[in-house]
Amino acid sequence: MTTVAEPEHPSAPTPSPDDAGRDQGSAGRSIGSYLFMPLLLGAVLLALFWWLRGEDLSSTARQRVHLNFILASTMDHLVLTVVSTVLVLLIAIPLGVILTRSFARRITPATIAVFNVGQGIPSIGLLALFALAWAIGFWPVVVGLVVYTVLPVLRNTMVGLQQVDTSVIESARGMGMTKFGVLARIELPLAVPVMMAGVRTALVINVGTATLGTFFAAGGLGDIINTGITRSDELITVTGSVLVAVLALLIDYLGGIAEDLLRPRGM
């Protein structure tokens, strides 16, 4: 009697290097990519410190580039940036959600036009208007920053929600989910990447625009830059400018990490 051999089970295909790279990329950025920006910014600050040590500083320059003054100015700058950005998020994200609902379609163009006005006015002019109408100090500058940067977050929130596939929403509704449940568990998570792009844009704009707070007694790293310009001291001006640039890049880097953490798996 002839014995029929059973067919062998095909062996599992060996993943290629390209497939492994795609799998690694889909899981998130590598550790090296996360470390690159902090190391680069640290090297820039180290080079700036080394340059300042080799210069013959005037009494004003020694005061402005002193570590204590830099830390105090940086803290003031961060407070301006963080407070204004938090207010932007509290205004823009709920408003963006409302404007994407069907009942608010009629007021959407008018609302966007109103916020376009704040974006169209030059930042120094907007802050000056608030200073003249209100006062000088911390809160007028914060309100000016909010008005100036609310539009990117608002528009990206709306775009992120509008690009969610309607079939996904209808499927969730067909499974018995409420409108709020669909919004919280489907629409907002899928819109996170686009929304975070707007948040990162607002953060960088706020860091740069907050330097103008020095003209309205709000403090910040603009104090260092303004002193350098007033006294025609390039060393002070360059120091303040480099610090603002480093702070903007650092905050954008942290925003990128937040985007990676909030991004839904598989996106």
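For the structure, check the block above.
Residues numbered from 1 in each chain as written. Predicted model: local features only at pLDDT ≥ 70, side-chain atom pairs only at ≥ 80, totals over all residues. Heavy atoms only, no water.

**Topic: unusual backbone geometry**
Despite not being glycine, alanine 217 shows a phi value in the positive range, around 60°. By the secondary structure assignment, alanine 217 is in the loop between α9 (179-209) and α10 (222-230). For alanine 217, a relative accessible area of 55% gives the class exposed. Of note in the backbone geometry, serine 232 takes a positive phi value of approximately 55° without being a glycine. Within the secondary structure, serine 232 sits in the loop between α10 and α11 (234-262). (Helix = DSSP H or I, 4+ residues; strand = E, 2+ residues; numbered from the N terminus. Buried < 20%, exposed > 50% of the residue type's maximum accessible area, 1.4 Å probe, protein only.)

**Structural notes on the packing of helix α5 (residues 108-120) against helix α7 (residues 138-162)**
It is at 7 Å that the axes of α5 and α7 come closest, and there the two elements cross at 145°. The element α5 and its partner α7 pack so that their crossing is left-handed. Taken together, the residues of α7 that come into contact with α5 (itself represented by Thr108, Ile112, Phe115, Asn116, Gly118 and Gln119) are Val147, Tyr148, Val150, Leu151, Pro152, Leu154, Arg155 and Met158. (Axes fitted to C-alpha atoms, helices over the stretch in contact; angles between N-to-C directions. Left-handed = near helix turned anticlockwise from the far one by under 90°. Contact = heavy atoms within 4.5 Å.)

**Concerning the nonpolar core**
Core analysis: the biggest nonpolar cluster contains 41 residues, and Leu80, Val141 and Leu154 have the highest contact counts within it. Sorting the residues of this core by element identifies α2 (31-53), α4 (67-99), α5, α6 (123-133), α7, α9, α10 and α11 as the ones contributing at least two each. Of all the elements, α7 adds the most residues to this core, at 9 residues. Not counting residues within four places of it along the chain, the set of residues in contact with leucine 80 comprises Phe138, Val141, Val142, Leu145, Ala210, Ala218 and Gly219. Core analysis: the second largest hydrophobic core is formed by 5 residues, Val97, Leu161, Ala191 and Met195 among them. (Core = buried A, V, L, I, M, F, W, Y, C linked by side-chain atoms within 4.5 Å.)

**What to know about the packing of aromatic side chains**
Note on aromatic pairs: each is described by the distance of the centres and the angle between the planes. What the rule picks out here adds up to 1 aromatic pair. Seen from their ring centres, phenylalanine 138 and tryptophan 139 are 5.1 Å apart, and the 85° between their planes marks the pair as edge-to-face. (Phe/Tyr/Trp six-rings, centres within 6.5 Å; stacked < 30°, edge-to-face > 60°.)

**Looking at the environment of tyrosine 148**
You can see tyrosine 148 is positioned in helix α7. With a relative accessible area of 16%, tyrosine 148 lands in the buried category. In this structure the C-alpha to C-alpha distance between tyrosine 148 and leucine 127, which are 21 residues apart in sequence, comes to 9.3 Å. Among all residues touching tyrosine 148, those that are not within four sequence positions of it are Gly118, Gln119, Ile121, Ser123, Leu126, Ile205 and Thr209.

**Focus: a nonpolar patch on the surface**
Residues Val82, Val86, Leu87, Leu90, Ile91, Trp134 and Trp139 make up a contiguous nonpolar surface patch of roughly 680 Å² in combined accessible area. If one sorts the elements of the nonpolar patch by residue count, α4 sits on top with 5 residues. Secondary-structure assignment places isoleucine 91 in helix α4. (Patch = residues over 30% accessible without salt bridge, like charges linked within 9 Å, V, L, I, M, F, W, Y side chains within 5 Å. Areas by Shrake-Rupley, 256 points an atom, 1.4 Å probe, with all protein chains shown as cover. Salt bridge = Lys/Arg side-chain N within 4 Å of Asp/Glu carboxyl O.)

**Quick look at α6**
Buried within α6 are the following residues: Ser123, Leu126, Leu127 and Ala131. Within α6, the buried residues cover an arc of 135° as seen down the axis, which keeps them to one side. Exposed residues lying more than 90 degrees from the buried face of α6 are Leu132 and Ala133. For α6, the elements touching its buried residues are α5, α7 and α9. (Arc of directions from axis to C-beta.)

**Considerations on the packing of α6 against α7**
At a minimum axis distance of 9 Å, the contact between α6 and α7 shows a crossing angle of 135°. Comparing their axes, α7 and α6 come out oblique. Judged by the twist between their axes, the crossing of α6 over α7 is right-handed. Counting all contacts with α6, which are made through Ser123, Leu126, Leu127 and Phe130, the residues of α7 involved are Pro140, Val141, Val143, Gly144, Leu145, Val147 and Tyr148. (Parallel < 35°, antiparallel > 145°, perpendicular 65-115°, else oblique.)

**Re the pattern of salt bridges**
One pass over the full model with this rule turns up 4 salt bridges. The salt bridge involving arginine 200 is made with glutamate 259; its shortest N-O contact spans 3.0 Å. Taken together, the positions of arginine 200 in helix α9 and glutamate 259 in helix α11 put the pair 59 residues apart, joining distant regions of the chain. Given a relative accessible area of 23%, arginine 200 falls into the partly exposed group. For glutamate 259, a relative accessible area of 10% translates into the label buried. Across the pair arginine 263 and glutamate 259 runs a salt bridge whose closest N-O atoms are separated by 2.9 Å. By sharing partners, the salt bridges in this structure join Arg200, Asp252, Glu259 and Arg263 into a single network.

Note that every value here comes from positions in space, so none of it alone points to a role or purpose.
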